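Notes for the structure review
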Amino acid sequence: MSLTVEHVFINLSGKEIVRDVSLQVTQGSFVGLIGPNGSGKSTLLRAVYKVLPPKKGNILLDGRDVVQANPKVIATSMAVVGQFNDLEFDFTVIEMVMMGRNPHKSMLEGDSSRDFEIAESALRQVDLLDYAHRSFLSLSGGERQRVILARAIAQQPKLLVLDEPTNHLDIKFQIHMLSVVKALGVGVLAALHDLELAAEYCDYLYVLNHGQVVADGEPAAVLTKGLIEKVYGVHCEPYVNPVTGGFAVAYLR
């Protein structure tokens, strides 16, 4: 399953937030959106998962117009893990994860034993199976984020959209979450802040600044000293981590 964004413009409160953005996510590829706060990453993702209609442009999922398509039809193929997961009503963890099965059911269809197997497997993948009957509202921010990922996994999507998915997680679970996502083998479009994590997990990067794509390519080609300094406004020195052999960056005062 592929996602294609073609020349998308998005306005909010009369201001142009996203301007002429095009990108593509192919089946099984992990694509990252990076850029400073306010660059338009989250706004673009909200258009991809049907919360914000673009002013202009096309968003296509395997050729199907996402904006015009029935939300339930899109939800059978696309799952979302957002930044904020506040609820006014309490559910148990397993109830939250079971919500991921809803797009695959008719209106009056109940939960099957297969649905529970899928939900429990998803909780096992995020290391929260023992929390199945805990109150969701009793969990820490990081634990809630892992439950939301489990719900997305239970949805069995072909495309996963992640909006700053590691924001509330400590280092161990940042690595764990992205490793779980990578292992799913589905297409992924993820907005990420941490450049080292982006370099480690993403196959391809799009760099947004002031609502536009200013660079794109494989991480090694994109994450240069000049681009980081220009886009983020910081002095830095990228280098190869001597332990992992991966990309690392030292930020200078």
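Keep in mind that this is a model prediction, so the values were computed, not measured.

Some points on helix α4 (residues 113–125)
A rise of 1.5 Å per residue sets the reference length of α4, with its 13 residues, at 18 Å; its end C-alpha atoms lie 19 Å apart and thus fit the reference within 8%. Along α4, the positions that sit buried rather than exposed are Asp115, Ile118, Ala119, Ala122 and Leu123. Looking straight down α4, one finds its buried side chains confined to an arc of 135°; they lie on one side. Buried residues in α4 make contact with α3 (93–98) and α5 (141–154). Among the residues trailing α4, aspartate 127 stands out with phi positive, at a value near 65°.

A few points about the sheet that holds strand β2 (residues 15–25)
As summarised here, the arrangement of the four strands in space is β2-β1-β4-β5, forming an open sheet in which the pairing is antiparallel. In this open sheet, the two edge strands, each paired with only one partner strand, are β2 and β5 (64–65). Pairing of strand β1 (residues 3–12) with strand β4 (residues 56–61), which is carried by five bridges, proceeds in the antiparallel orientation. When the sheet's bridge partners are listed, leucine 3 is paired in β4 with leucine 61. Packing against the sheet, helix α1 (residues 41–48) makes contact with β1, β2 and β4, and its axis sits at approximately 115° to β1.

A word on the pattern of salt bridges
If you walk through the whole model with that rule in mind, you get seven salt bridges. When the shortest N-O distance is used, the salt bridge between aspartate 115 and arginine 101 registers 3.0 Å. Residue aspartate 115 is found in helix α4, and its partner arginine 101 is found in the loop between α3 and α4; the two are separated by 14 residues along the sequence. The partner of glutamate 117 in a salt bridge is arginine 114, and the shortest N-O contact between them spans 3.4 Å. Highlighted residues: glutamate 117 and arginine 114, both in helix α4, separated by three residues, approximately one helical turn.

Quick look at α1
Burial within α1 is extensive, with six of its eight residues counted as buried. Looking at α1, one finds that the buried residues are Lys41, Thr43, Leu44, Leu45, Ala47 and Val48. Downstream of α1 by a residue or two, lysine 50 has a phi angle that is positive, lying close to 75°.

Criteria and thresholds
- Residues numbered from 1 in each chain as written.
- Predicted model: local features only at pLDDT ≥ 70, side-chain atom pairs only at ≥ 80, totals over all residues.
- Heavy atoms only, no water.
- Helix = DSSP H or I, 4+ residues; strand = E, 2+ residues; numbered from the N terminus.
- Expected span 1.5 Å × (residues − 1).
- Buried < 20%, exposed > 50% of the residue type's maximum accessible area, 1.4 Å probe, protein only.
- Arc of directions from axis to C-beta.
- Contact = heavy atoms within 4.5 Å.
- Pairing = 2+ DSSP bridges.
- Axes fitted to C-alpha atoms, helices over the stretch in contact; angles between N-to-C directions.
- Salt bridge = Lys/Arg side-chain N within 4 Å of Asp/Glu carboxyl O.

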